[in-house]
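A look at the structure
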Amino acid sequence: MAITDIKTFAHLSASDIEALGQELDTIRRDVEHSLGERDARYIRRTIAAQRILEAAGRATLFASKKRWAWLTGTALLSVAKIIENMELGHNVSHGQWDWMNDPEIHSTTWEWDMTGSSAQWKAAHNYSHHMYTNILDMDDDLGFGILRMTRDEEWKPINLVQPAANLVLAALFEWGIALHDLAATKEQMGVPQSQLFPPRHILTEPNKAFWRKAGKQVAKDFVIYPALTGPAWKSTLKANATANLVRNLWAYAVIFCGHFPDGAEKFTEEQFENETQGEWYLRQMLGSANFDAGPAMAFMSGNLSYQIEHHLFPDLPSNRYAEVSVKVRELCDKYDLPYTTGSLGKQYLLAFRTIHKLALPDQWLKRTSDDAPETSSERKFAGISLPAWNGGEWLAEHNASEWLAEHNASEWLAEHQPTWGLDPVTGERRGLRSALQEAKVALKEKAEHEKQVLREAKAALREKALTEKALLTEKANRKGWFSRTLRRNL
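As annotated in an unreviewed UniProt entry, the protein carries the name Fatty acid desaturase and comes from Nocardia tengchongensis.

Right, here's the structure in full:
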């Protein structure tokens, strides 16, 4: 089961989490108070650069029948589409630049260069995903409705094809997001999903908005711009399709690296009930992941290489995430919390492994949703830093759910394991990061112990088999001697 009590999982008390929330509020206020002309110049220059790149790319494609022009134009257009999608469309639609009160760079007016409409994306993404981040059955971005990304979701035979579905989603990411946002918008508005009968279910306002935007996008990339290049229309059309494919693959990789590597935890609705602001912050920190990037790669990712900071402060300007990340790391050190990050390749391979592993039925997998590498729960620490919920005398008198409902884990730790929490001698905190390290060692020792038990069982069975074989041989020899003796005497 996913995390039901974030305090227990994080090994923090309620007062710790409140203090953490107040420190994050301070970081937010500091950034808000320092916003000014430097930030405004950044976004205006970004918009100007993106438009120059797109114009240069489309102009070059007039000569796209020549190979060099096709390659150059396609590359320029691909970069322009990535910047428009990641650093402009995504971040402007989050309201990161609304403080400028510039009607051109405002979340209420920006329409991005994607199949889906910005309005439907904001309804699905800003509200559903950022409010209910990684909560089972509440965050629709958890696998986008077609991928099983946690063992908390029941396995179905259709999951066997999710490796192939993943490839299709990556290549057609903008269409996947557009359809996902359309479905989420309908659900929020209480509009029935599309059905042929009655026809009024087809001509709903969300459907009309979807087809209007998708139609414009298809006409622009695959009819109007190719037609403008005259004899080079076919190569221009191929260039536009390639640029869209490159943008789709890059956006897909950035999103998956921020949400599905190991360590991006999942949560239950029980955790969400009565959640405080500090716990909301903590859920964002534990439910997302970063990847290492220099300034250029960070810019091309829309600064979503700082996914943790983005989830903490989705409406702060993205150009500030790098400086915010320094302070967030310091808080993670202070409260002994993990700061999940790694190279782009490593983070994607971890997500890729989860996609393929969870295509299989649970009985074929070793771990459970409590101690799986891709996500775990507070039960992972049973018998390590918390009571042994899985057996022994404790279980005869309690069960984990009742215990969690009745106890404060940090108080239990303070009473039964005083070395946890803030060490009175060294002043160092022992929290989730330390608990994860100890659990890793304990799980490794448990695995070694199980292997040793298995080896001993195999050896005992082998010895038993040899003994039985020797007895059978001896018995056969005696029978043969008796038969031979009987024949001689007869």
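The helix and strand tally for the protein stands at 19 helices and two strands. Relative to its length of 490 residues, the protein is extended, with a C-alpha radius of gyration of 29 Å against a globular reference of 23 Å. Based on the C-alpha atoms only, the size of the protein along its principal axes is roughly 110 × 70 × 50 Å. In the protein, which comprises 490 residues, the share counted as buried stands at 49%. Counting only contacts in the protein whose residues sit at least 6 apart along the sequence, the fraction spanning at least 24 positions is 70%. Here the protein has roughly 24500 Å² of accessible surface; of this, 60% comes from carbon and sulfur atoms. Computed over 58 positive and 64 negative side-chain charges, the inter-centroid distance for the protein is 13 Å.

This part is about helix α4 (residues 67-93). Three or four residues apart is the spacing at which side chains of an α-helix point the same way, because the helix has 3.6 residues per turn. For α4, which comprises 27 residues, the first-to-last C-alpha distance of 37 Å matches the rise-based estimate of 39 Å (1.5 Å per residue) to within 8%. Where α4 bends most, at Asn85, the angle is about 30°. The element α4 is largely enclosed, with a buried count of 19 among its 27 residues. Backbone geometry just after α4 places Gly95 at a positive phi near 85°.

Here Asn134, not a glycine, exhibits a phi torsion of approximately 60°, which is positive. Relative to the helices and strands, Asn134 is located in the loop between α5 (118-131) and α6 (162-171). The phi dihedral of Asn303 is positive, around 60°, even though this residue is not glycine. Topologically, Asn303 is positioned in the loop between α12 (295-300) and α13 (307-312).

Before going further, it helps to examine the packing of helix α9 (residues 233-259) against helix α15 (residues 344-357). At a closest axis distance of 9 Å, the pairing of α9 and α15 adopts a crossing angle of 80°. One element, α9, and the other, α15, form an angle in the roughly perpendicular class. Counted together, Trp250, Tyr252, Phe256 and Cys257 of α9 and Leu344, Gln347, Tyr348, Ala351 and Ile355 of α15 form the full contact between these two elements. Classifying every residue of the contact of α9 with α15 gives eight nonpolar, one polar and no charged.

Let's shift gears to helix α7 (residues 173-189). Given a rise of 1.5 Å per residue, 17 residues ought to cover 24 Å, and the 24 Å separating the end C-alpha atoms of α7 matches this to within 8%. Taken together, the buried positions of α7 are Phe173, Glu174, Ile177, Ala178, His180, Asp181, Leu182, Ala184, Thr185 and Lys186. Buried residues in α7 make contact with α5, α6, α8 (205-228) and α9. Looking one or two residues beyond α7, the residue adopting positive phi is Gly190, at roughly 75°.

Calculation criteria
- Residues numbered from 1 in each chain as written.
- Predicted model: local features only at pLDDT ≥ 70, side-chain atom pairs only at ≥ 80, totals over all residues.
- Heavy atoms only, no water.
- Helix = DSSP H or I, 4+ residues; strand = E, 2+ residues; numbered from the N terminus.
- Rg over C-alpha atoms; globule rule 2.2 N^0.38 Å.
- Buried < 20%, exposed > 50% of the residue type's maximum accessible area, 1.4 Å probe, protein only.
- Contact = heavy atoms within 4.5 Å.
- Areas by Shrake-Rupley, 256 points an atom, 1.4 Å probe, with all protein chains shown as cover.
- Lys, Arg positive; Asp, Glu negative; His and termini not counted.
- Charge placed at Lys NZ, Arg CZ, Asp CG, Glu CD.
- Expected span 1.5 Å × (residues − 1).
- Bend = angle between axes of the 7 residues up to and from the residue.
- Axes fitted to C-alpha atoms, helices over the stretch in contact; angles between N-to-C directions.
- Parallel < 35°, antiparallel > 145°, perpendicular 65-115°, else oblique.
- Nonpolar A, V, L, I, M, F, W, Y, C, P; charged D, E, K, R; others polar.

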